[in-house]
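# Descriptive analysis of the structure
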Amino acid sequence: MSENPTAPPSVGFKKRNILLAVLALTGFLVLLFPDLAKSLTNNPGTSVTAFSEHSVTVVEPGGSTVESKVGSPPKTNSLSADSYRDDILKPPSQEWAQKQVLRTVNMMHQHYSKPSEWEVCGAKTYYFHEIKTIYTGIPKTGCSNWIEALLRANGDLKHLLDPTMVRKVHGGISGRHRMPHLRGRYDPGTFRQAFSFTVVRNPWTRMVSGYRDKVSAEKTQGGSFRSLGRAIVREMRNITDRAELAKLYPTFTEFAQWVAKHHGSGNPHFHQQYRTLCIPRAKYDFIIPLEYAGPLSQEVWRRINAETSLLQSYDKSSDPRLQKSALYAKDWLSKIDKETIDKLYKIFELDFALMKYSNFTDPNFPLPLHDLNL
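Residues numbered from 1 in each chain as written. Predicted model: local features only at pLDDT ≥ 70, side-chain atom pairs only at ≥ 80, totals over all residues. Heavy atoms only, no water.

### Quick notes on the overall build of the chain
Of the regular secondary structure elements, the chain holds 15 helices and eight strands. Residues counted as buried form 45% of the 374 residues belonging to the chain. (Helix = DSSP H or I, 4+ residues; strand = E, 2+ residues; numbered from the N terminus. Buried < 20%, exposed > 50% of the residue type's maximum accessible area, 1.4 Å probe, protein only.)

Structure, rendered in structure tokens:
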């Protein structure tokens, strides 16, 4: 049976023609208004998530992409030129850094002691007499590497330690330099004449580092606090069978919820950084954000006139925004409920204030949002 040339077009034919017309009109508008098309695809307020069978690729505000795979850190190919600052890779001035710490002291409703009372500081503060240097090592801010470098500068170590052995510096070799062991051996004026410094870190990446290093199932570094990891699983999952617990590790979400529940915990690896610092009883001469440890460490060695150096970083990227800890943090924290995130931010509010640290949603995370004019 032949077609009737006068019959009305089918419904499918009409839809096809409409679709072609819409596509043609869209192409015309893109050519006519290219800026409009660009704003739709690069709008900093837009976030798109594309799913595939084995991975999740997140298109972040500004157009950067992060791919998350099971068992591997999320990856990023580039940072959008419209979403991040080149200038922020320059370390903040000490004038700016000191203002942030002073602001934090004010938030604590405290004021600096005058003169500084270093002799009352805790066991995480060290005095190296040969180089006349005071250092407070906050856990998960690279303190093992800093102590190793200072021990070499002070003459306690004769050779550079192998990176796999660096944890040995927390034994007796450094213990004799801890401030509680030195009380009564030195006049308080000796400490006041010493050069003092410390290192702080973005609270989010520090939390991720604490989880990975101490309670995670990572073969390269996790599980050193195995009993604590089992305790977290027991509490968060309500599992009491010992044989079952022996095989289990907490997820990062469980760890974060546990930290929120216990207000940072009593362990110095997980609690607030300001609690380890000597503020407000003493004022540091130099404050280093860990994100700028490379260039700022050179200034420390110059000030103490020491030929030493930090051990090489495990991370291949020199840009803190592209390092594993930052990529893990952005990925894992984005999956946690808002209530827990808000609790954690409140718990670590003073730590964020220490260096005006960026949130994990910021394109320049985990860097301090500093003013280069100061």
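### Looking at helix 8 (residues 203-214)
End to end, helix 8 covers 16 Å across twelve residues, agreeing with the expected 16 Å (1.5 Å per residue, within 8%). For helix 8, the tally of buried residues reaches twelve of twelve residues, placing the bulk of the element in the interior. Taken together, the buried residues of helix 8 touch helix 9 (226-237), helix 11 (252-261), helix 13 (324-333), helix 14 (338-347) and helix 15 (349-354). Residue Asn202 occupies the N-cap position of helix 8, its side-chain oxygen lying 2.9 Å from the main-chain nitrogen of Trp204. (Expected span 1.5 Å × (residues − 1). Contact = heavy atoms within 4.5 Å. Polar contact = N/O pair within 3.5 Å; in protein donor to acceptor, adjacent residues only side chain to side chain.)

### Things to note about the pairing of strand 6 (residues 133-136)
Alternating positions in strand 6 separate into two faces, Thr133 and Tyr135 on one and Ile134 and Thr136 on the other, with burial throughout. Taken together, the four bridges between strand 5 (residues 125-128) and strand 6 define a ladder with antiparallel strand orientation. Counterpart to Tyr127 in the pairing with strand 6 is Ile134. The turn linking strand 5 back onto strand 6 is made up of four residues, and Lys132 within it adopts a positive phi angle of 50°. Here four bridges tie strand 6 to strand 7 (residues 195-200), and the two strands are oriented parallel to one another. Bridging from a neighbouring strand, Tyr135 pairs with Phe197 of strand 7. (Pairing = 2+ DSSP bridges.)

### Some points on the state of the cysteines
This structure, assessed with the given rule, holds one disulfide. Across a sulfur-sulfur distance of 2.2 Å, Cys121 and Cys278 are joined as a disulfide pair. Remark: Cys278 occurs in the loop between helix 11 and strand 8 (286-289) and Cys121 occurs in the loop between helix 3 (94-107) and strand 5; sequence separation between them is 157 residues. For the residue pair Cys121 and Cys278, the accessibility class agrees, reading buried in each case. (Disulfide = S-S within 2.5 Å.)

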